[in-house]
Amino acid sequence: MNPDYIVGRFAPSPTGPLHLGSLVAATGSYLFAKAAGGLWLMRMEDLDTPRVVPGSADDILRTLELFGLKWDGEVIYQSSRGDLYEDALKILLDSGAAYPCGCTRKEIRSLASAPHKGEEGPIYPGTCRNGLAPGQKPRAYRVKVPDETIIFDDLLRGELRWNLAHTSGDFVVKRADGIFAYQLAVTVDDAIFGVNQVIRGNDLVASTPRQILLQRLLGHPTPLYGHLPLVTAPDGGKLSKRDNLVGLALAGFDIQNAGKLMEGVLAFLGHKPPAELSGAPPEKQIEYAVSNFDPAQIPLQDRPFIDVTL
Ligand code: GLU
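Residues numbered from 1 in each chain as written. Predicted model: local features only at pLDDT ≥ 70, side-chain atom pairs only at ≥ 80, totals over all residues. Heavy atoms only, no water.

A count of helical and extended segments in the protein gives 9 helices and 14 strands. A compact globule built from 310 residues should have a C-alpha radius of gyration of about 19 Å, and the protein, at 20 Å, falls within 12% of that. With the C-alpha coordinates of the protein rotated into their principal frame, the extents come out at 70 × 45 × 35 Å. A burial count over the protein gives 49% of its 310 residues as buried. A separation threshold of at least 6 residues defines the contact pool for the protein, and within that pool the share at least 24 residues apart is 76%. Across the protein, 31 positive and 36 negative side-chain charges occur, with their mean positions spaced 7 Å apart. (Helix = DSSP H or I, 4+ residues; strand = E, 2+ residues; numbered from the N terminus. Rg over C-alpha atoms; globule rule 2.2 N^0.38 Å. Buried < 20%, exposed > 50% of the residue type's maximum accessible area, 1.4 Å probe, protein only. Contact = heavy atoms within 4.5 Å. Lys, Arg positive; Asp, Glu negative; His and termini not counted. Charge placed at Lys NZ, Arg CZ, Asp CG, Glu CD.)

What follows is the structure, given as structure tokens:
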């Protein structure tokens, strides 16, 4: 696919203040979209209501503005779009691509026939694929995963291959608590808003083949994908709240140190602005990176963040 007009997006989950890893993903997706002269949409993924922290959606938006990342159009809130996800689920069920599942998590974990650990828990062994056991009630809805390789060309990492039958098995599209799963909502929204370029952290790379499968089943085009390096803790491990030098609640960020932090983010993405821009507002730093954008300069390995102010 080589779209004439790029539509990118950033899709934070409002489960707390924007953190450093998300600021890197936001900046990376912004650079890709804007360097191509395209649009950059903003979508709040606020479906997982038990995890949503009240006030954090606004906090995230204000933080992005402070860092000079301006989105195009209105913010899209997934919480107001349930009917569209319901329609998509109906299409999947009517075509036999999805089915109700009555298994509890405990049952799935304890099944002797599920010896393989998937990337996110055990691989679903397909217990309810051919119908619920008599008397069993539907809990979740799953999509049938074919035993075939899904191939996509990552804009940063080249060709990636995935066989979902070996990594997740039939995955959930509507959860037992009635909440639409991330995979379905993202697929529907990316398609409806014409998103054709998805740039996000490499922690989501295992989701991409699931979304590609759903696109195929729902008749949607597949966007271009690129997976950015992740910010790790100083010891190379997962970044914890404590290491997260940003926390990025607005407190304490004036425009000058926002500029400094943006300089660090751009350096992390291989686009450190020149010395004369040091200390300039974030907009100026970003402007430089957009005009000098070269995806080949983005280092791919996950690593700690270097605070350029030190
Ligand atoms: N909402 C997801 C997250 O914050 C990102 C979704 C996406 O970029 O596809 O991890």
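Read on, since the account is not over.
As a further point, take helix α7 (residues 208–218). With 9 of 11 residues buried, α7 lies mostly within the body of the structure. Along α7, the positions that sit buried rather than exposed are T208, P209, R210, Q211, I212, L213, L214, Q215 and L218. Positive backbone phi, approximately 75 degrees, marks G219, located one or two places after α7.

Relative to the helices and strands, R142 is located in strand β7 (residues 140–143). Although buried, R142 forms no salt bridge, and the nearest oppositely charged side chain, D170, lies 6.8 Å from it. (Salt bridge = Lys/Arg side-chain N within 4 Å of Asp/Glu carboxyl O.)

Turning our attention to the sheet that holds β7. Spatially, the 3 strands line up as an open sheet ordered β4-β7-β10, and their pairing is antiparallel. The open sheet terminates on both sides in strands that have one partner only, identified here as β4 (98–101) and β10 (171–174). Neighbour-to-neighbour, the strand axes of the sheet open up by a mean angle of 45 degrees, direction not taken into account. Where β7 and β10 come together, 3 bridges link them in antiparallel fashion. Residue pairing across strands places Y141 opposite K174, the latter belonging to β10. Across the sheet, helix α3 (residues 82–94) touches β4, β7 and β10, and the angle it forms with β4 is around 100 degrees. (Pairing = 2+ DSSP bridges. Axes fitted to C-alpha atoms, helices over the stretch in contact; angles between N-to-C directions.)

Attention now moves to the pairing of strand β9 (residues 158–163). Where strand β8 (residues 149–154) meets β9, 6 bridges bridge the pair, whose relative direction is antiparallel. The residue of β9 that forms the bridge with F152 is L160. Hairpin connection of β8 to β9: 3 residues between the antiparallel strands.

For the ligand, the full set of nearby residues is R9, A11, S13, E45, Y182, R200 and L204. Interatomic distance of 2.7 Å between a backbone N/O atom of A11 and a nitrogen atom of the ligand. Here an oxygen atom of the ligand sits 2.8 Å away from a polar atom, N or O, in the side chain of Y182. Split into classes, the residues belonging to the shell around the ligand amount to 3 nonpolar, 1 polar and 3 charged. (Near = heavy atom within 4 Å. Polar contact = N/O pair within 3.5 Å; in protein donor to acceptor, adjacent residues only side chain to side chain. Nonpolar A, V, L, I, M, F, W, Y, C, P; charged D, E, K, R; others polar.)

Let us now look at the packing of aromatic side chains. Throughout the structure, instances matching the rule amount to 6 aromatic pairs. Note on Y30 and W40: the rings are 5.1 Å apart at their centroids and 85 degrees apart in plane angle, and the pair reads as edge-to-face. Residue Y30 is located in helix α1 (residues 20–35), and its partner W40 is located in strand β2 (residues 39–44); the two are separated by 10 residues in the primary sequence. We note that Y30, like W40, is buried. One aromatic cluster is present, built from ring pairs that chain together F10, Y30 and W40. (Phe/Tyr/Trp six-rings, centres within 6.5 Å; stacked < 30°, edge-to-face > 60°.)

Attention shifts here to a positive patch on the surface. Judged by side-chain charge, R105, K106, R109 and R139 come together as a positively charged surface patch. Positionally, R105 belongs in helix α4 (residues 105–110). Exposure remark for R105: the relative accessible area of 70% places this residue in the exposed category. (Patch = residues over 30% accessible without salt bridge, like charges linked within 9 Å, V, L, I, M, F, W, Y side chains within 5 Å. Areas by Shrake-Rupley, 256 points an atom, 1.4 Å probe, with all protein chains shown as cover.)

Close contact between α3 and α7 brings their axes to 10 Å; oriented N to C, the two are set at 75 degrees. The angle between α3 and α7 falls in the class roughly perpendicular. Along its contact with α3, which presents A88, I91 and L92, the element α7 presents L214, L217 and L218. Looking at the contact of α3 with α7, its residues break down into 6 nonpolar, no polar and no charged. (Parallel < 35°, antiparallel > 145°, perpendicular 65-115°, else oblique.)

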